[in-house]
Amino acid sequence: MNLQEYFSLVFSDYTLRTITLGTAILGAVTGMLGSFAVLRKQSLLGDAISHAALPGIAIAFLITGAKDSNTLLIGALISGLIGTFWIRGIVTKTHLKSDTALGLVLSLFFGFGMLLLTFIQKQPNANQAGLDKYLFGQAATLVESDVWLMAIVTGICLLIMLTFWKEFKILLFDADYTKTLGFNTKFIDILITSFIVLAIVLGLQTVGVVLMSAMLLAPAAAARQWTNSLSVMVLLAAIFGAFSGVFGTAISASQNNLSTGPVIVLVAAVFVVISFLFSPSRGLLFKRIRFIKNRRDLELHKTLTFMHHIAETHEDISHPHAIKLLNNFQGYTRTTLQKLVDKDYVELHGNMWSLTKTGFETAANLYTKQSTEDE
Amino acid sequence: MSSAQIEIQLIACVVAVACAIPGTFLVLRKMAMISDAISHSILPGIVVGFFITQDLNSPLLILLAAFTGIITVVLVEYIQKTGLVKEDTAIGLVFPALFSIGVILIAKNANDVHLDVDAVLLGELAFAPFDRLLIAGTDVGPKSLWVVGTILLITITLLVLFFKELKVSTFDKGLAASLGFSPAIIHYGLMSVSSVTTVGAFDAVGAILVVALMIAPAATAYLLTTDLKKMLALAIGFGIFSAIFGYWVAHWLDASIAGSITTVLGLVFLLVYLFAPSKGIIAVMYREKQQRTEVSLLTFLLHLKNHDEIEERHVNHLNEHINWQKVRAKTVLDLAQKNNLIHIENKVVSLTKKGDKFTSKAINYIITNEDTQIEDMKDDFFLFRG
């Protein structure tokens, strides 16, 4: 199947439609919530939570003995939340730093989950096969009810976000101020964190533990480059996330042996790379161009100042000098000289140059006041 | 105990020690999450190495994997330096991307061989004794013991040689640079050791256990001491204890050894987290409660000093006016009496001479807010600080 076939089939084929819709919704909701995680400097929280959810899945299975995906998700949600609050406890109550707390909870919970999983595998219960799908994710196992669940959770997220938009925003940028305004910061904080945990847990089945953290970060990090406004960033991140989901699914469906999760992550990574390079105000490319332009301007100024020093020694400022004089000066090149001529600062006569009146004045004022023409 | 059991425990212990040493420095340098990133992003290195050699036991695999680990660190630093995102975001962007590339490479090309993501990430210690190292036809022990043992020897040698440099650059980068040892070289040295250790150990115990063995013992030790040498020793001790105890838990439960070692590490951390003498949660909460009482006491004494009226100083009035619950009021009252700061006559509280002097000093301290003032006060009055 190639990409064109995929797009013609996506509306008619049940499986393809479900998976595409599922990954698109997942990408949108993780992008949306990921923006908050990135701005709150909790980028790696997603990584920790997605690992911490594993024992919850195993325990939920041990208790119920059934592989109902909703029960398992609730188990994952509970152990994810326990992990999150333990991380917070470690950071606030001890002198261990947040990275240590994240790494600890991540590896300890995951290890404990592995212990439980292997323990379950030894049980005489034929039902247990497939629990490890949660480790690496398998979008193909998505069914319509999962997509409905995702859509409902996304809807609730959206509703809560719009209701508490002002509170979220102010908490994000000035937590202390929020407190003095009398907002219940703890409540808002727990609300955001819980929704981040929820989004991660939802994605476990689709892209798996390891890649879930990228889904949370990449769209948000890409969106951040294009805007300084929170609302635009959240919107962009949701769009990037949804597109990563759709394109990732399309590419993996059009090839053999290509698991969906990693492809979605790589598509999201491409969004990040493009944003890093080409965003107009922060992107590396335009930054580089601005840097080169500034350096050129500076060299022009240097040449002009140097000429000004020479001209100062003469009574007539437009006294011609040989171009040779400039030879051991570093800022000087043929092109810079031509540029100065274009700006009417310098006149060229054969091998001689002379400063014009405007050129002399500009050079004299170059470092004392900002010359508006050169801006 | 069979010889295979002894060998498994021996391997687990060697891995634990080899991880605890770089782990201690990672925790101190606030780079713990780098170990998690490395443990995932070595995957493409292993896969490419496997494609080249077609042999899972080739040393080239370890080299390439360690190289990928270094690439991860360099990429993270490069992205961070552009200033477009923060460091943690940079880590979170780099390793899933590299990991995805690894997964896709495996899925596309190596479906029919024994190389799957589960094996790389999860590892199985129980199989380690079956993979023997043969030198000229003689069996000299499990291969992973040799690999990790060599890495451990190198790590210890480097640690002894560069202990001073490591110590200084960990706690004061500026000082290290001014003393003439390049923080960059030490940084990349440490990263290389962590990377090689991760690679050498994941084959035996799996990537996640490597992360757990690096971070957990060091973090546990850090709650108990602030002395670097003691911290290293404690971390190694916790690692070895968890390795051996975890093995027997796994034996008893008939479950994954790596999983149960991690679980034991977690339990040890939890115990220390709760009960550590000065930094444990219970100690911290007790101290906070004491401090609250002290502040209440101070408020109470200031109240007494400001009010001469009898009715303002009546015991029952305390509850209403300062708005304390009965229990707290009684604690504060008892504490003040025990320290001879107040005396009570007919249920009317008044300051003693000592109490008066203390309160004046306290006001003085609050107004000037100079730390030197409080030092004297601690010596003279604070009998209740323990």
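Rules used throughout
- Residues numbered from 1 in each chain as written.
- Chains lettered and ligands numbered in written order.
- Predicted model: local features only at pLDDT ≥ 70, side-chain atom pairs only at ≥ 80, totals over all residues.
- Heavy atoms only, no water.
- Helix = DSSP H or I, 4+ residues; strand = E, 2+ residues; numbered from the N terminus.
- Rg over C-alpha atoms; globule rule 2.2 N^0.38 Å.
- Buried < 20%, exposed > 50% of the residue type's maximum accessible area, 1.4 Å probe, protein only.
- Contact = heavy atoms within 4.5 Å.
- Areas by Shrake-Rupley, 256 points an atom, 1.4 Å probe, with all protein chains shown as cover.
- Lys, Arg positive; Asp, Glu negative; His and termini not counted.
- Charge placed at Lys NZ, Arg CZ, Asp CG, Glu CD.
- Pairing = 2+ DSSP bridges.
- Axes fitted to C-alpha atoms, helices over the stretch in contact; angles between N-to-C directions.
- Core = buried A, V, L, I, M, F, W, Y, C linked by side-chain atoms within 4.5 Å.
- Patch = residues over 30% accessible without salt bridge, like charges linked within 9 Å, V, L, I, M, F, W, Y side chains within 5 Å.
- Salt bridge = Lys/Arg side-chain N within 4 Å of Asp/Glu carboxyl O.
- Phe/Tyr/Trp six-rings, centres within 6.5 Å; stacked < 30°, edge-to-face > 60°.
- Buried area = accessible area lost by both parts, 1.4 Å probe.
- Polar contact = N/O pair within 3.5 Å; in protein donor to acceptor, adjacent residues only side chain to side chain.
- Nonpolar A, V, L, I, M, F, W, Y, C, P; charged D, E, K, R; others polar.
- Parallel < 35°, antiparallel > 145°, perpendicular 65-115°, else oblique.
- Left-handed = near helix turned anticlockwise from the far one by under 90°.

Participant: Explain the overall build of chain A to me, please; I cannot follow it from the model alone.
Facilitator: The secondary structure content of chain A amounts to 15 helices and 3 strands. Here chain A has a C-alpha radius of gyration of 30 Å; the compact-globule value for 375 residues is 21 Å, and the former is much larger. With respect to the principal axes defined by its C-alpha atoms, chain A has extents near 105 × 55 × 35 Å. Taken across its 375 residues, chain A has 53% of its residues classed as buried. In chain A, once contacts between residues fewer than 6 apart in sequence are set aside, the share between residues at least 24 apart is 69%. Working note: accessible area of chain A is about 17300 Å², and carbon and sulfur atoms make up 63% of it. Positive and negative side-chain charges in chain A, numbering 28 and 24 respectively, have mean positions lying 7 Å apart.

Participant: It is not clear to me how the sheet that holds strand β2 (residues 346–349) of chain A should be interpreted in this structure. Could you clarify?
Facilitator: Paired through backbone hydrogen bonds, the strands of a sheet run either parallel or antiparallel to each other. Residues and elements named next belong to chain A. Taking strand neighbours across the sheet as the criterion, the 3 strands line up as β1-β3-β2 in an open arrangement whose pairing is antiparallel. Strand pairing shows two members of the sheet lacking a second neighbour, β1 (321–322) and β2, which therefore form its edges. With 4 bridges joining them, β2 and strand β3 (residues 352–355) adopt antiparallel strand pairing. Residue Glu-347 lies in a different strand from β3, and its bridge partner there is Ser-354. Helix α13 (residues 284–312) rests against β1, β2 and β3 of the sheet, and its axis sits at about 85° to β3.

Participant: Please clarify how the environment of Ala-140 of chain A should be interpreted in this entry.
Facilitator: Its place among the elements puts Ala-140 of chain A in the loop between α6 (133–136) and α7 (144–163). When the C-alpha atoms of Ala-140 of chain A and Thr-305 of chain A are compared, they prove to be 69 Å apart, with 165 residues separating the residues in sequence.

Participant: I tried to follow the nonpolar core on my own but got confused; where do I start?
Facilitator: Across soluble globular proteins, nonpolar side chains have a tendency to be buried as a group. Counting 185 residues, the largest nonpolar core has Phe-36, Ile-90 and Leu-104 of chain A together with Leu-125 and Phe-269 of chain B as the members making the most contacts within it. Ranked by residue count, the leading element in this core is helix α10 (residues 185–224) of chain A, at 25 residues. The next biggest cluster of nonpolar side chains, apart from the first, holds 15 residues, and it includes Ile-310, Leu-337, Tyr-345 and Val-346 of chain A.

Participant: How do you make sense of the pairing of strand β1 (residues 132–135) of chain B when you look at a structure like this?
Facilitator: On a regular strand, each side chain points to the face opposite its neighbour's, so the side chains alternate between the two faces of the sheet. All names here are of chain B. Across 3 bridges, β1 lies against strand β2 (residues 138–142) in antiparallel orientation. Across the sheet, Arg-132 pairs through a bridge with Pro-142, a residue of β2. Hairpin connection of β1 to β2: 2 residues between the antiparallel strands, including Ala-136 at a positive phi of 50°.

Participant: Help me understand a nonpolar patch on the surface, please; the structure alone is not making it clear to me.
Facilitator: All names here are of chain A. On the surface, a nonpolar cluster with roughly 750 Å² of combined accessible area is contributed by Trp-226, Val-270, Val-273, Ile-274, Leu-277, Phe-278, Leu-285, Phe-286 and Ile-289. Those elements giving two or more residues to the nonpolar patch turn out to be α12 (260–278) and α13. Among the elements that line the nonpolar patch, the one with the most residues is α12, at 5 residues. Of the residues examined, Val-270 reaches a relative accessible area of 46% and is grouped as partly exposed.

Participant: Would you explain the pattern of salt bridges in this entry?
Facilitator: Pairs may arise between side chains of opposite charge once their charged atoms sit close together. All names here are of chain A. Applying the stated criterion across every chain yields a total of 4 salt bridges over all chains. Lys-293 is the salt-bridge partner of Asp-297, the closest N and O atoms lying 3.6 Å from each other. In this pair, Asp-297 and Lys-293 are both assigned in helix α13, 4 residues apart and thus about one turn of the helix distant. You can call Asp-297 partly exposed: its relative accessible area is 23%. Relative accessible area serves as the criterion here: at 49%, Lys-293 is assigned to the partly exposed category. Through salt bridges with shared partners, a single ionic network connects Arg-40, Arg-88 and Asp-189.

Participant: Explanation requested: unusual backbone geometry in the structure shown.
Facilitator: Negative phi values dominate among residues other than glycine, just as trans dominates among peptide bonds. With phi around 60°, Lys-41 of chain A is a residue other than glycine that occupies positive phi space. Tracing the sequence through the fold places Lys-41 of chain A in the loop between α2 (14–39) and α3 (45–64). Located in the positive-phi region is Lys-30 of chain B, a residue other than glycine, with phi close to 60°.

Participant: Any chance you could explain a positive patch on the surface here in plain terms?
Facilitator: On the surface, Arg-288, Arg-295, Arg-296 and Lys-339 of chain A cluster together into a positively charged patch. Per element, the largest residue contribution to the positive patch is 3 residues, and it comes from α13 of chain A.

Participant: Please explain the packing of aromatic side chains as it appears in this structure.
Facilitator: Here a ring pair, both rings aromatic, is described through the centre-centre distance and the interplanar angle of the planes. Overall, the coordinates contain 13 aromatic pairs over all chains when judged by the stated rule. With 5.5 Å between their ring centres and 70° between their planes, Phe-36 of chain A and Phe-168 of chain A make a pair best called edge-to-face. Of this pair, Phe-36 of chain A sits in helix α2 while Phe-168 of chain A sits in helix α8 (residues 165–173); the two residues are 132 residues apart in sequence, bridging distant segments of the chain. For the pair Trp-86 of chain A and Tyr-273 of chain B, a centre-to-centre distance of 5.7 Å together with 70° between the ring planes defines the contact as edge-to-face. Of this pair, Trp-86 of chain A sits in helix α4 (residues 69–93) while Tyr-273 of chain B sits in helix α13 (residues 257–275), each in a different chain. There is no split in this pair, since Trp-86 of chain A and Tyr-273 of chain B are both buried.

Participant: Please explain the interface of chain A and chain B as it appears in this structure.
Facilitator: Accessible area lost upon the coming together of the parts is a frequently used measure of interface size. If you look at the interface, chain A gives 57 residues, while chain B gives 59 residues. Between chain A and chain B, the buried area comes to about 4900 Å², and carbon and sulfur atoms account for 75% of it. For chain A, the biggest contributors to the area lost against chain B are Leu-44, Lys-93 and His-95 of chain A; these three give 12% of the whole. Inspection of the chain A/chain B interface yields 1 salt bridge. Glu-288 of chain B is the partner of Lys-93 of chain A in a salt bridge, and the nearest nitrogen-oxygen pair spans 3.6 Å. Where chain A packs against chain B, one counts 9 residue pairs in polar contact (both at pLDDT 80 or more). The element best represented in the side of chain A that touches chain B is helix α5 (residues 98–122) of chain A, accounting for 16 residues. Partitioned by chemical class, the residues of the side of chain A that touches chain B number 31 nonpolar, 17 polar and 9 charged.

Participant: What is the right way to read the packing of helix α4 (residues 59–81) of chain B against helix α5 (residues 87–109) of chain B from this model?
Facilitator: For any two helices packed against each other, the geometry is given by the interaxial angle and the distance between the axes. Residues and elements named next belong to chain B. Following both chains from N to C, one finds α4 and α5 inclined at 135°, their axes separated by 9 Å at the closest point. Here α4 lies oblique to α5, going by the angle between them. In terms of crossing hand, the pair formed by α4 and α5 is right-handed. Where α4 approaches α5, its residues Thr-72, Leu-75, Val-76, Ile-79 and Gln-80 are matched on the opposing element by Glu-87, Ala-90, Ile-91, Val-94 and Leu-98. Residues belonging to the contact of α4 with α5 are distributed by class as follows: 7 nonpolar, 2 polar and 1 charged.

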